[in-house]
Amino acid sequence: MASYDYDLIVIGGGAAGLTASGIAANLGAKTLMIERHRLGGDCTWTGCVPSKTLLKAAKVAHEMRTASKYGLVDVEPTVDLKKVMAHVHQIREDVYDEADAPEIYEDMGITVRHGAARFTDEHTITIEGGDGPSAVTGRLFIIAAGASGWVPPVPGLDPGDGSGVPYVTNDTLFEMEQLPEHLAIVGGGPIGTEMSQAFRWLGSRVTVIDGTNHILQNDDPDLAAMLQSYLEEQGVEYAFGANADRVSLDGGTIRIEAGERVIEADALLMATGRRANLDGLGLDEAGVEYTPRGITVDDHCKTNQSHIYAVGDVTGRYQFTHMSEHMAKVAATNAVLKLPSKIDTKHVPWVTYTEPELAHVGATQKHLDEAGTNYDVYRFPYDRVDRAITDGETVGMIKVFAKSLTGTILGATVLGARAGELICEYAVAMKGGVSLREIADTIHPYPTYGLGARRAADQWYARKQSKTVTRFVQTLFGYRGEVQDVDPDRIV
């Protein structure tokens, strides 16, 4: 066996890199983790943590304005975005200190290096920046280089030299200090949708521009439409069916030409997706195959080079922190232990953290229809969930796609308060083969949002009711009640 400096080299210190490094070190592999910026990656610094912190601040502002719904007095909050962002920054630092600081991983025996890693051959990388030798070798590699905000080439946008229209992406959004009077957002996906509500509730006028006809194209269209209607009621404006064709500056005003419309704003957020960080990795030198979307991997997270794995956003397969961690576990298990492990592609949950939240796991209704799968839809509205009523959070719906005969769950989608927590129950149920019958038979505490999952499962039992069975029971026991008509759309 050739002699290498490290058993495993992990390129990237975000959610995937941290997970992979920790697992490998715990299994006894001499591990090096390299990060060009600060450990924590997108989730800690520009994604999950700051966006959810900002959403929480916005929700507090909204609840102050609407306190009368709880019998209190409405108060118009004074929003100082600089102070709000200072709070966001502090939360980022708190998370970093608690979970991402280099000392935590060095205590595990992991060598942490800062700098840009680049392959020079299949087993060697150079590290630009930081201390220590610039060239190191590894027996195994896991590439976890992440992704960055991608902006299409819209004429007039600042190319990076200050000569065009300024804009922010989610990578720079949380450095804003002045609350815009009117924020234009290009992109109606999860980032654009979350930030549209956050800035609207903070007090900005918000217009979302998208080339499709509704928000959140990958979610259930019925529930996405419900969420869109709610956001419109909150004051979010939409310009659908048109892309941002050109932007320009008129004094301090940003003009966005979108089809036949011209939208004027004083700040612009480009929420147009993310692209894998491939540049500078030296993938060609390592002989690793990739496409513009990301590094090509199989379901074991292995590249075409048997000793090199890739995980998380850099693969372009999933853009979720939880899937980055899942892929890292799969890759580390395969690489270090040589035990066959595969990505779980059937039970991938995702959540858009608006209020109400929109969550999903498993097959979508569209995919089931395209596959010709036989299934039934079981619904339960949030305005019949007692906890939602007490909290004043009655906007929403639970939809479960399941086999009629067995109650086997094929997929679930939830719009409503705590939907992200509620979808966890369905993820566990699907992973463990728990049916709607078993959920319905499981005691859930009252009053909880989780009880909504049981009430939705009750609908499976209700569908089993038939006049024939009822009349047989009446004949057998001499009962005299009225035989009810069976209505598949009836909510019990």
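Residues numbered from 1 in each chain as written. Predicted model: local features only at pLDDT ≥ 70, side-chain atom pairs only at ≥ 80, totals over all residues. Heavy atoms only, no water.

A. View of the state of the cysteines. A complete count under the given rule lists zero disulfides for this structure. Considering cysteine sulfurs only, Cys48 is the nearest to Cys43, which forms no disulfide, with 3.1 Å between them. On the accessibility criterion, Cys43 (17% relative accessible area) is buried. For the unlinked cysteine Cys301, the closest cysteine sulfur is that of Cys43, found at 18 Å. The buried category is assigned to Cys301, whose relative accessible area is 0%. (Disulfide = S-S within 2.5 Å. Buried < 20%, exposed > 50% of the residue type's maximum accessible area, 1.4 Å probe, protein only.)

B. Here's a closer look at unusual backbone geometry. The linkage connecting Glu355 with the following residue, Pro356, adopts the cis geometry, with an omega of 5°. Positionally, Pro356 belongs in the loop between strand E19 (350-352) and strand E20 (357-362). Between Tyr446 and the following residue, Pro447, the backbone shows a cis peptide bond with an omega angle of -5°. With respect to the helices, strands and loops of the structure, Pro447 is situated in the loop between helix H13 (436-440) and helix H14 (451-463). Of note, Lys338 is a non-glycine position whose phi angle comes to about 60°, a positive value. In this fold, Lys338 is placed in the loop between helix H9 (321-337) and E19. (Helix = DSSP H or I, 4+ residues; strand = E, 2+ residues; numbered from the N terminus.)

C. Spotlight on the sheet that holds strand E23 (residues 409-416). Strand order in this open sheet of five strands is E19-E20-E23-E22-E21, and the pairing throughout is antiparallel. The open sheet is flanked by E19 and strand E21 (376-381), the only strands paired with a single partner. Neighbour to neighbour, the strand axes of the sheet diverge by 10° on average, direction disregarded. Against the sheet, H14 contacts E21 and strand E22 (397-402), and its axis sits at roughly 135° relative to E21. (Pairing = 2+ DSSP bridges. Axes fitted to C-alpha atoms, helices over the stretch in contact; angles between N-to-C directions. Contact = heavy atoms within 4.5 Å.)

D. Seen up close, the environment of Asn243. Residue placement: Asn243 occurs in the loop between strand E10 (237-240) and strand E11 (246-250). Residue contacts for Asn243: discarding those within four places in its chain leaves Ile209, Gly211, Glu257, Ala258 and Gly259.

E. Representation of the pairing of strand E12 (residues 253-258). Taking every second residue as pointing to the same face, the buried face of E12 carries Ile254, Ile256 and Ala258, while none of Thr253, Arg255 and Glu257 on the other face is buried. Bridging between E11 and E12 involves five bridges; their strand directions are antiparallel. Residue pairing for E12: Arg246 is matched across the bridge by Glu257. The hairpin turn running from E11 into E12, its antiparallel successor, is two residues long, and Gly251 in that turn takes a positive phi close to 70°. Bridge analysis of E12 against strand E13 (residues 261-265) gives five bridges, and the strand direction is antiparallel. Across the sheet, Ile254 pairs through a bridge with Ala265, a residue of E13. Two successive antiparallel strands, E12 and E13, enclose a turn made up of two residues, where Gly259 displays a positive phi of approximately 65°.

F. Local environment of the environment of Gly235. You can see Gly235 is positioned in the loop between helix H7 (221-233) and E10. Once the C-alpha coordinates of Gly235 and Ser204 are considered, the two residues, 31 residues apart in sequence, prove to be 9.6 Å apart. If we skip the residues at most four places from it in the chain, Gly235 touches Arg200 and Val206.

G. Region of the structure containing the packing of helix H3 (residues 48-65) against helix H4 (residues 81-100). For the pair H3 and H4, interaxial distance at closest approach is 9 Å and the crossing angle is 135°. If you check the angle between H3 and H4, you find them oblique. Helix-helix and strand crossings are classified by hand; for H3 and H4 the assignment is right-handed. From H3, Val49, Pro50, Thr53, Leu54 and Ala57 reach across to H4, where they touch Val84, Met85, His87, Val88, Ile91, Arg92 and Val95. Residues belonging to the contact of H3 with H4 are distributed by class as follows: nine nonpolar, two polar and one charged. (Parallel < 35°, antiparallel > 145°, perpendicular 65-115°, else oblique. Left-handed = near helix turned anticlockwise from the far one by under 90°. Nonpolar A, V, L, I, M, F, W, Y, C, P; charged D, E, K, R; others polar.)

H. Geometry of H4. Over its 20 residues, H4 extends 26 Å from the first C-alpha to the last, a length consistent with the 28 Å expected when each residue adds 1.5 Å. The inward-facing, buried residues of H4 contact helix H1 (15-26), helix H2 (41-45), H3, helix H5 (102-106) and helix H6 (190-202). The backbone nitrogen of Lys82 has a side-chain oxygen 3.1 Å away, supplied by the residue at the start of H4, namely Asp80. (Expected span 1.5 Å × (residues − 1). Polar contact = N/O pair within 3.5 Å; in protein donor to acceptor, adjacent residues only side chain to side chain.)

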